[in-house]
Amino acid sequence: QVQLVESGGGLVQAGGSLRLSCAASGATFSVGAMDWYRQAPGKERDLVARFSRSGITNYADSVKGRFTISRDNARNTVYLQMNSLKPEDTAVYYCHCYSSTRPYEFWGQGTQVTVSS
């Protein structure tokens, strides 16, 4: 089992910045790619950014150039630096990882990000 704990959410004005952190514990040897997803009210949960085990990053088009995902393997932590935030970035942000351990993927509890206009 892998446990994921997010932190760093909050309320920020449009144009501001936040940094989210997600610390993994438990069977961290089994962790592969680590991702950030987000879910706005009434919408589906969408991938925001991915950091593969080999260091390849991918971003949703809506956040390219504004968000940066990074990973500290020694600390088993993934970060999401969010700059130039917009009201449409308001959502619950979830940390996710793939694992070689059943059930092969794990989710954090989510952290709320609210961007006011």
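Everything numeric in this text was worked out from a predicted model, so none of it was measured. (Residues numbered from 1 in each chain as written. Predicted model: local features only at pLDDT ≥ 70, side-chain atom pairs only at ≥ 80, totals over all residues. Heavy atoms only, no water.)

Engineer: What is the right way to look at the side chain of D89 in this model?
Structural biologist: Topologically, D89 is positioned in the loop between β8 (77–82) and β9 (91–99). Relative accessible area serves as the criterion here: at 0%, D89 is assigned to the buried category. In terms of polar contacts, D89 uses its side chain to reach the side chain of R38, at 2.9 Å. Each residue touching D89, except ones within four places of it in the same chain, is listed here: R38, R66, F67, S84, V113 and V115. (Helix = DSSP H or I, 4+ residues; strand = E, 2+ residues; numbered from the N terminus. Buried < 20%, exposed > 50% of the residue type's maximum accessible area, 1.4 Å probe, protein only. Polar contact = N/O pair within 3.5 Å; in protein donor to acceptor, adjacent residues only side chain to side chain. Contact = heavy atoms within 4.5 Å.)

Engineer: What's the story with the pairing of strand β5 (residues 45–51) in this structure? I'm lost.
Structural biologist: Remark: a regular strand shows side chains that alternate across the two faces of the sheet. As paired strands, strand β4 (residues 31–39) and β5 are joined by 6 bridges and run antiparallel to one another. Residue pairing in the sheet places W36 in a bridge with A49 of β5. Hairpin remark: β4 followed by β5, antiparallel, with 5 residues in the connecting loop; positive phi at G42, about 75°. The pairing of β5 with strand β6 (residues 57–59) spans 3 bridges and is antiparallel. From the neighbouring strand, R50 faces β6, where its bridge partner is N58. (Pairing = 2+ DSSP bridges.)

Engineer: Before we go on, may I ask you to explain the state of the cysteines in this structure?
Structural biologist: Among covalent bonds in proteins, the disulfide is the one between the sulfur atoms of two cysteines. Counted under the stated rule, the structure contains 1 disulfide. The disulfide partner of C22 is C95, and the S-S distance across this bridge is 2.0 Å. Its torsion about the S-S bond being -80°, the disulfide of C22 and C95 is classed as left-handed. Here C22 is found in strand β3 (residues 18–26), whereas its partner C95 is found in strand β9, with 73 residues between them in sequence. Each member of the pair, C22 as well as C95, is classed as buried. (Disulfide = S-S within 2.5 Å.)

Engineer: I would appreciate a short explanation of unusual backbone geometry in the present structure.
Structural biologist: Most peptide bonds adopt trans geometry, and most residues besides glycine take a negative phi value. A cis amide bond links R102 with the next residue in sequence, P103, at an omega value of 5°. When you line up the elements, P103 lands in the loop between β9 and β10 (105–107). A positive phi angle is found at Y104, which is not glycine, with a value near 75°. Relative to the elements of secondary structure, Y104 occurs in the loop between β9 and β10. By relative accessible area, which is 42% here, Y104 ends up partly exposed.

Engineer: Help me understand the pattern of salt bridges in this model?
Structural biologist: It is possible for side chains of opposite charge to pair when their charged atoms get near one another. The tally for this structure, following the rule as stated, stands at 5 salt bridges. The partner of R38 in a salt bridge is D89, and the shortest N-O contact between them spans 2.9 Å. You can see R38 sitting in strand β4 and its partner D89 sitting in the loop between β8 and β9, a full 51 residues away along the chain. Given a relative accessible area of 14%, R38 falls into the buried group. With a shortest N-O distance of 3.1 Å, D61 and K64 are connected by a salt bridge. Of the residues examined, D61 reaches a relative accessible area of 65% and is grouped as exposed. (Salt bridge = Lys/Arg side-chain N within 4 Å of Asp/Glu carboxyl O.)

Shape descriptors only; they carry no functional weight alone.
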